[in-house]
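Observations on the model geometry
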Amino acid sequence: MTRRELRIGVGIIGAGEIAGAHMRGYLQAADHARVTAIADVDPLRAQRFAASAGGAEVFADYKQMIDSPLVDAVDICLPHHLHRDAIVAAAAAGKHILCEKPLCVTLEEAEAVKHAVTSAGITLMCAHNQLFLPTVATARQMIRDGKLGKVYAARTTDIFRLTIDPERLGWRARRATSGGGELIDTGYHPTYLLLNLIDSAPVKVVAFVSRHRMAMLEGEDTANVLVEFADGTVGTIVTSWAYEPPSCTERFSVAGESGSLWSDGRALYYKPAGSEQVTVQAAGAETDTYALEVVDFIDCLREARRPLNTEAEGIKVLEVILGAYESAERGEIVELKNP
Ligand SMILES: NC(=O)c1ccc[n+]([C@@H]2O[C@H](COP(=O)([O-])OP(=O)(O)OC[C@H]3O[C@@H](n4cnc5c(N)ncnc54)[C@H](O)[C@@H]3O)[C@@H](O)[C@H]2O)c1
């Protein structure tokens, strides 16, 4: 067998905006993987990427693509309401899965995903790209090494002013296809980031969701969420498409009894209690977290390694987000189930 034949064949499902970012990762992983197929209901979209993938086969029906021997793994880049069915179909065919966020949109769907992945014994990696920011792994390790002592509070943010032609919002504007509004979309990032940093299970959630500016959305354009963890840590998630964040807004910060750390996403700072702040990691060149995530997915398959976030973490993130929606609707604190 030649080296070429040993490469993992990947089929991309949904050739829209994010598929282009994933393509950069497959080009970086070209020694070990190749995009062999692309499926989209709009074949012109699929063809756009087929050439840059070196002549990938184009499918209009992703189920046919999944059955193709060209495909060892799929990369799901579909609108949110279609994730569950694509995961279940790919798992049933024994194909590994990289799935864009959110994993799916309801807890019933999450059950179906868990069952499909577990019974097929395939690997599912959640495309939680911000975990590949270089400061995140360092901060997580510092927290686990006890540099902050007992952790009291953490804050994660993802805020930007989204200016887009309302027509182009498409499926994102409707609850039935997006699963909610900004929180289940961009807000997924600060939610998985918070759960990744804090070494404890989320137990309660309370939230306000608002539509400040984007009247074309059925759901919210902004969410403020508080999460209480089993160890007493209180997490805050602030996320919005409505406004430009004040320039002092951190990407994440964590504070505890003996110190705090914070990051704008590129550099990481640490302040031991009572001492001066030090730079732990200086800002380097901008990181292509999408490419790193794809390269790691391929490495996980090659090394039979567990991805940083599988369906287990994806479901926890979804539980917090759906709990936040329930809290905002009922005006109450919602207790999360932690089986
Ligand atoms: N990690 C990030 O920062 C990030 C950024 C953008 C999007 N995303 C996620 O990526 C996913 C896709 O978002 P997008 O912005 O690329 O959307 P998009 O609308 O640009 O692309 C979706 C594609 O899916 C295709 N499609 C729809 N129904 C289909 C079907 N039944 N079979 C095959 N193809 C079908 C559409 O024709 C379109 O080309 C979402 O889950 C979104 O949340 C993540």
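Residues numbered from 1 in each chain as written. Predicted model: local features only at pLDDT ≥ 70, side-chain atom pairs only at ≥ 80, totals over all residues.

1. Topic: the environment of Asp 85
Note the threshold: Helix and strand assignments follow DSSP, with helices taken as H or I runs no shorter than four residues and strands as E runs no shorter than two, numbered in order from the N terminus. Exposure classification rests on a simple neighbour count of other C-beta atoms within 10 Å of a residue's own: a residue reaching 20 or more is buried, one at 12 or fewer is exposed, and one in between is partly exposed. C-beta atoms are placed from the backbone.
Along the polypeptide, Asp 85 turns up in helix 4 (residues 83-92). Asp 85 gets classed as partly exposed once you count the C-beta atoms within 10 Å, which come to 16. Considering only alpha carbons, one finds Asp 85 and Lys 63, 22 residues apart in sequence, at a separation of 9.9 Å.

2. Observations concerning helix 10 (residues 289-303)
Which entries qualify depends on this criterion: By this rule, a helix spans an expected 1.5 Å times one less than how many residues it contains.
Under the 1.5 Å per step criterion, the end-to-end length of helix 10 is 20 Å for 15 residues, consistent within 8% with the ideal 21 Å. For helix 10, the set of buried residues is Thr 289, Ala 291, Glu 293, Val 294, Val 295, Asp 296, Phe 297, Ile 298 and Leu 301. Ala 304, located one to two residues past helix 10, shows a positive phi value of around 50 degrees.

3. Observations concerning the sheet that holds strand 6 (residues 124-126)
For the record, the criterion: Strand pairing is assigned whenever DSSP identifies at least 2 bridges connecting the two strands. Axis angles are defined between N-to-C directions and span 0 to 180 degrees, where every axis is a line fitted to C-alpha atoms and, for a helix, only to the segment in contact.
Sheet architecture is open: six strands sit in the order 3-2-1-4-5-6, paired in parallel fashion. Each edge of the open sheet is held by one strand with a lone partner, namely strand 3 (57-59) and strand 6. Averaged over all pairs of adjacent strands, the angle between strand axes in this sheet comes to 25 degrees, irrespective of strand direction. Direction of pairing for strand 4 (residues 73-76) relative to strand 5 (residues 96-99): parallel, over a ladder of four bridges. Residue pairing across strands places Ala 73 opposite His 96, the latter belonging to strand 5.

4. Topic: the nonpolar core
Here is the rule we go by: Take the buried Ala, Val, Leu, Ile, Met, Phe, Trp, Tyr and Cys residues, join any whose C-beta atoms are within 7 Å, and the set you get is a nonpolar core. Throughout, the edges of the domains are those of an automatic or database domain assignment. Throughout, a pair of residues is in contact if the C-beta atoms placed from their backbones lie within 7 Å.
Ranked by internal contacts, the top residues of the largest apolar core, which has 89 residues, are Ile 38, Ile 87, Ile 97, Ile 321 and Ala 324. In terms of domain composition, this core takes at least three residues from each of domain 1 (4-128) and domain 2 (130-289 + 318-335). Excluding anything up to four places from it in sequence, Ile 97 contacts Ala 73, Val 74, Ile 76, Ile 87, Ala 90, Ala 91, Ile 122 and Leu 124.

5. So, the packing of helix 5 (residues 107-120) against helix 11 (residues 311-330)
Just so we agree on the cut-off: In these notes the angle categories are as follows: under 35 degrees is roughly parallel, over 145 is roughly antiparallel, 65 to 115 is roughly perpendicular, and the rest is oblique. When residues are grouped by polarity, Ala, Val, Leu, Ile, Met, Phe, Trp, Tyr, Cys and Pro land in nonpolar, Asp, Glu, Lys and Arg in charged, and all others, Gly among them, in polar.
As a packed pair, helix 5 and helix 11 sit with axes 11 Å apart at the nearest point and diverge in direction by 175 degrees. When the axes of helix 5 and helix 11 are compared, the pair comes out roughly antiparallel. Facing helix 5, whose interface residues are Leu 107, Ala 110, Val 113, Lys 114 and Val 117, helix 11 presents Glu 311, Ile 315, Leu 318 and Leu 322. Considered class by class, the residues forming the contact of helix 5 with helix 11 number seven nonpolar, no polar and two charged.

6. What to know about helix 1 (residues 17-28)
Formally: It is the directions from the helix axis to the C-beta atoms whose arc is reported.
Looking only at helix 1, the buried set comprises Ala 19, His 22, Met 23, Gly 25 and Tyr 26. Viewed end-on, helix 1 has its buried residues packed into an arc of 160 degrees, placing them on one side of the element. As for helix 1, its buried residues are in contact with strand 1 (8-13), strand 2 (33-39), helix 2 (43-52), strand 4 and helix 10.

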